[in-house]
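The primary structure of each chain is shown beneath.
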Amino acid sequence: MRSEPIDLNNVNSGNLASALAQMKNQIPTGAVLLDKTLLPSRGKFYPGDLYVKKLTTMNIKNLATIDEKNIQGIINGVIQSCLFGVDVNKVLVGDKIWLIFYLRSFTYNDIPFKLRGECTKCNTIANYEYCLSNLEVSYLDKDLPDEFEIGEDKISIKFPTIQTEADTVKLKTNDQIVEEIASDLLDLSTYVYKVNGKELSLMQAYKYICNMDAFSFSKLTNILTDYIFTAKPYAKFKCPVCGEDINLPISFIPQFFLPKV
């Protein structure tokens, strides 16, 4: 299947919805079962089995052209092409980047990628070899309660998905909304699911966040910090001379997705 960038503004189009529904029920030849506990979310919110297949030439071609404008569409398209058992729109945002690094590792049998960096403690410059185990990942290793008591309210939390991400983009770019949208508060609003048992739309959640008192807002942000899971494009190493922790950035460049094999 060809991996095309997903248009975040048309993620609910009929053709895409139909294609995704078919993909969910068809596990292609060569796909293997994914151990969901490897995901940053530990797979807690995917009820069925997940399968992955290796990157194709078109996937690599798309990944090699990533820039700031197209990164979300390309990543979503690659996941759509290589992950099975779940609607791509229901993939959690916290799992997205990890899946790209995992697919690269799975495709090339975790072949190392060479990085060069300097230790900030002893100034030693050395070469390092990145493998998937070096990726900086924060995991969801605690259960999410049904609700949190914040001020006089009881708030239920959910985790944003690719669909939520698309809805957020629509609101941020909606010319019909007169008021200026605070992007950081809107992003935070994607975690609010219910307040006192009532499910909120994204805009309703945003307005709720904006009208919170400072104490409640601080408590909510601190609570969410304990439940954030994601993968960051950084590799963790130890300095070979002094043992200091070293974090080196991993760029999505063509060489990363086309290693020497």
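Residues numbered from 1 in each chain as written. Predicted model: local features only at pLDDT ≥ 70, side-chain atom pairs only at ≥ 80, totals over all residues. Heavy atoms only, no water.

**Focus: the overall build of the protein chain**
Move 1: Across its full length, the protein chain carries nine helices and twelve strands.
Move 2: Within the span of the protein chain, comprising 261 residues, buried residues form 45% of the whole.
Move 3: The long-range fraction of contacts in the protein chain, counting pairs at least 24 apart against all pairs at least 6 apart in sequence, stands at 69%.
Move 4: Surface summary for the protein chain: the accessible area is close to 14,200 Å², and the carbon and sulfur share equals 50%. (Helix = DSSP H or I, 4+ residues; strand = E, 2+ residues; numbered from the N terminus. Buried < 20%, exposed > 50% of the residue type's maximum accessible area, 1.4 Å probe, protein only. Contact = heavy atoms within 4.5 Å. Areas by Shrake-Rupley, 256 points an atom, 1.4 Å probe, with all protein chains shown as cover.)

**Considerations on the sheet that holds strand S3 (residues 83–84)**
Move 1: What the three strands build is an open sheet, ordered S1-S2-S3; its pairing is antiparallel. At either end of the open sheet lies a strand with only one pairing partner, and these are strand S1 (32–33) and S3.
Move 2: Two elements, S1 and strand S2 (residues 51–52), share two bridges in a ladder whose sense is antiparallel. Across the sheet, the residue bridging to Val32 is Val52, located in S2. (Pairing = 2+ DSSP bridges.)

**Details of the environment of Lys142**
Move 1: As for its position among the elements, Lys142 is in the loop between strand S6 (135–138) and strand S7 (148–150).
Move 2: The class of Lys142 is partly exposed, set by a relative accessible area of 36%.
Move 3: Once the C-alpha coordinates of Lys142 and Arg42 are considered, the two residues, 100 residues apart in sequence, prove to be 9.8 Å apart.

**A short note on the layout of surface pockets**
Move 1: Of the voids in this model, the largest pocket is the one considered here, and its volume is about 590 Å³.
Move 2: Broken down by secondary-structure element, the contributors of at least two residues to the lining of the largest pocket are helix H3 (71–82), helix H4 (93–107) and helix H5 (162–172).
Move 3: The leading source of residues in the lining of the largest pocket is H5, at five residues.
Move 4: Per-class residue counts for the lining of the largest pocket are 13 nonpolar, six polar and four charged.
Move 5: Taken together, 16 residues make up the lining of the second largest pocket; nearest its centre are Lys158, Phe159, Thr161, Thr164 and Thr190.
Move 6: Within the lining of the second largest pocket, the residues separate by chemical class into nine nonpolar, five polar and two charged. (1 Å grid on protein atoms, 1.4 Å probe; cavity = no way out; pocket = protein on both sides within 12 Å on 5 of 7 lines; lining within 4 Å. Points joined across faces, edges and corners; volume = space filled by probe spheres on them. Nonpolar A, V, L, I, M, F, W, Y, C, P; charged D, E, K, R; others polar.)

**Some remarks on the side chain of Lys36**
Move 1: Within the secondary structure, Lys36 is located in the loop between S1 and S2.
Move 2: Put simply, Lys36 is tucked away with no salt bridge, and the nearest opposite charge, on Asp49, sits 5.2 Å away.
Move 3: At 2.6 Å, the side chain of Lys36 and the backbone oxygen of Tyr46 are in polar contact.
Move 4: Excluding residues within four positions of it along the chain, Lys36 makes contact with Arg42, Gly43, Tyr46, Pro47, Gly48 and Leu50. (Lys, Arg positive; Asp, Glu negative; His and termini not counted. Salt bridge = Lys/Arg side-chain N within 4 Å of Asp/Glu carboxyl O. Polar contact = N/O pair within 3.5 Å; in protein donor to acceptor, adjacent residues only side chain to side chain.)

**Details of the nonpolar core**
Move 1: Judged by nonpolar contacts, the single largest core of 68 residues is most densely connected at Leu34, Leu83, Trp98, Tyr130 and Leu135.
Move 2: Broken down by element, the residue count for this core peaks at seven residues, all from H4.
Move 3: Grouped together as the second largest cluster of nonpolar side chains are five residues, Leu171, Ile181, Leu186 and Leu202 included. (Core = buried A, V, L, I, M, F, W, Y, C linked by side-chain atoms within 4.5 Å.)

**Quick word on unusual backbone geometry**
Move 1: In this structure, Asp110 takes a positive phi of about 60° despite not being glycine.
Move 2: Among the structural elements, Asp110 can be located in the loop between H4 and strand S4 (113–118).
Move 3: Exposure remark for Asp110: the relative accessible area of 26% places this residue in the partly exposed category.
Move 4: Despite not being glycine, Asn123 shows a phi value in the positive range, around 65°.
Move 5: Its location among the elements puts Asn123 in the loop between S4 and strand S5 (125–130).

**Remarks on the pairing of S5**
Move 1: By the alternation rule, side chains of S5 split into Ala126, Tyr128 and Tyr130, which are all buried, and Ile125, Asn127 and Glu129, of which none is buried.
Move 2: Note: S4 against S5, six bridges, orientation antiparallel. Its bridge partner being in S5, Arg116 is matched across the sheet by Asn127.
Move 3: Taking the residues between adjacent antiparallel strands as the criterion, S4 and S5 are bridged by six residues, where Asn123 takes a positive phi near 65°.

**Some details on the confidence of the model for the protein chain**
Move 1: Counting all residues, the mean pLDDT for the protein chain is 89, and 89% of those residues have values of 70 or more.
Move 2: For the protein chain, the element scoring lowest by mean pLDDT is helix H1 (residues 14–24), at 48; S6 scores highest, at 98.
Move 3: In the model, residues 1–14 has pLDDT below 50 throughout and makes 38 contacts with residues more than four positions away in sequence or in other chains.
Move 4: When the criterion is pLDDT under 50, residues 21–25 qualifies, and its contacts beyond four places in sequence or with other chains add up to seven contacts. (pLDDT = per-residue confidence, 0-100.)

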